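Architecture at a glance
So you can see what is in the structure, the chains are spelled out below.
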Amino acid sequence: MHLEGSCHCGAVSFSLDSRHPYPYQRCYCSICRKTQGGGGFAINLGGDAKSLKVQGRKHITVYHARLKDEGDKRAHRSSAERHFCSLCGSGLWLFSPEWPELIHPFASAIDTPLPIPPEHTHLMLGSKAPWVEVEAHPGDQQFEVYPEESIAQWHERLGLGR
């Protein structure tokens, strides 16, 4: 599926191809919640990094989250790159050098109508904010941290690959 997205002010627009366009995975970690999740979670999609086309690249800024694992004396910088519009602050996509073939656009930045997922995966519930109510439906999966099933595997399991 071809996806088109943009920031709120229109300074940045982008497009990419996605074989995994269903917005099913809700992440409740503090990084996603604070950078993307007005409702307490964020949704990332899976896309083909080679197909990414960007207009307004000069208005993009990159944020590397600071991570501190339990027992660590100091925080370290995440290798994941969260791309934002430097003018309006809209989150656009995440790129991780660990998976260079993938781009994870934030569903909130996508302008293309997305398909409605038949179920959701709620992850990183161990770090969700206390005020957040998880709206899980029958068939939804819930994880304290990460599921073993990837975005691609979820789509394949449900016969939703394109």
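Report follows, based on the coordinates. Predicted model, so just to flag it, every value in this text is computed and none were measured.

**Considering the sheet that holds strand β10 (residues 81-85)**
Strand order across the open sheet formed by five strands is β5-β12-β11-β10-β7, with antiparallel pairing between neighbours. What marks the edges here is a single partner per strand, and that holds for β5 (47-48) and β7 (60-63).

**Notes on the packing of aromatic side chains**
The geometry of two aromatic rings is summed up by the distance between their centres and the angle between their planes. Under the defined criterion, the tally for this structure stands at five aromatic pairs. Each ring, one from Tyr-28 and one from Phe-41, has its centre 5.4 Å from the other, and the planes form 50 degrees; the classification is tilted. Taken as a pair, Tyr-28 in the loop between β3 (25-27) and α1 (30-35) and Phe-41 in the loop between α1 and β4 (42-43) lie far apart in primary sequence, 13 residues in all. Judged by its relative accessible area of 23%, Phe-41 falls in the partly exposed class. Here the aromatic rings of Phe-84 and Phe-106 are separated by 6.5 Å at their centres, their planes lie at 40 degrees, and the arrangement is tilted. Remark: Phe-106 occurs in the loop between β12 (102-105) and β13 (121-123) and Phe-84 occurs in strand β10; sequence separation between them is 22 residues. With a relative accessible area of 10%, Phe-84 lands in the buried category. A network of ring pairs unites the aromatic residues Tyr-22, Tyr-24 and Trp-154 as a single cluster.

**Quick notes on the sheet that holds strand β2 (residues 13-17)**
Taken together, three strands build an open sheet; the order of strands is β1-β2-β6 and the sheet is antiparallel. Across the chains shown, the open sheet's two edge strands, defined by having one partner strand only, are β1 (2-6) and β6 (53-55). Mean inter-strand twist for the sheet, computed between neighbouring axes without regard to direction, equals 15 degrees.

**Details of the environment of Val-134**
Relative to the assigned elements, Val-134 resides in the loop between β13 and β14 (141-142). Once the C-alpha coordinates of Val-134 and Phe-41 are considered, the two residues, 93 residues apart in sequence, prove to be 9.4 Å apart. The residues touching Val-134, leaving out its near neighbours within four places in the chain, are Tyr-28, His-122, Leu-125, Lys-128 and Gln-142.

**Brief notes about the nonpolar core**
Within the largest apolar cluster, 19 residues are counted, with the highest numbers of intra-cluster contacts made by Val-12, Phe-14, Leu-52, Val-54, Leu-92, Trp-93 and Ile-103. Counting only elements with at least two residues in this core, the list comes to β2 and β11 (91-95). With three residues, β11 is the single largest residue contributor to this core. With near-sequence residues (within four places) excluded, Val-54 lies in contact with Val-12, Ser-13, Phe-14, Ile-60 and Trp-93. Residues Cys-29, Ala-42, Ala-65 and Leu-123 belong to the second largest nonpolar core, which totals eight residues.

Reading the values: the criteria
Residues numbered from 1 in each chain as written. Predicted model: local features only at pLDDT ≥ 70, side-chain atom pairs only at ≥ 80, totals over all residues. Heavy atoms only, no water. Pairing = 2+ DSSP bridges. Helix = DSSP H or I, 4+ residues; strand = E, 2+ residues; numbered from the N terminus. Phe/Tyr/Trp six-rings, centres within 6.5 Å; stacked < 30°, edge-to-face > 60°. Buried < 20%, exposed > 50% of the residue type's maximum accessible area, 1.4 Å probe, protein only. Axes fitted to C-alpha atoms, helices over the stretch in contact; angles between N-to-C directions. Contact = heavy atoms within 4.5 Å. Core = buried A, V, L, I, M, F, W, Y, C linked by side-chain atoms within 4.5 Å.

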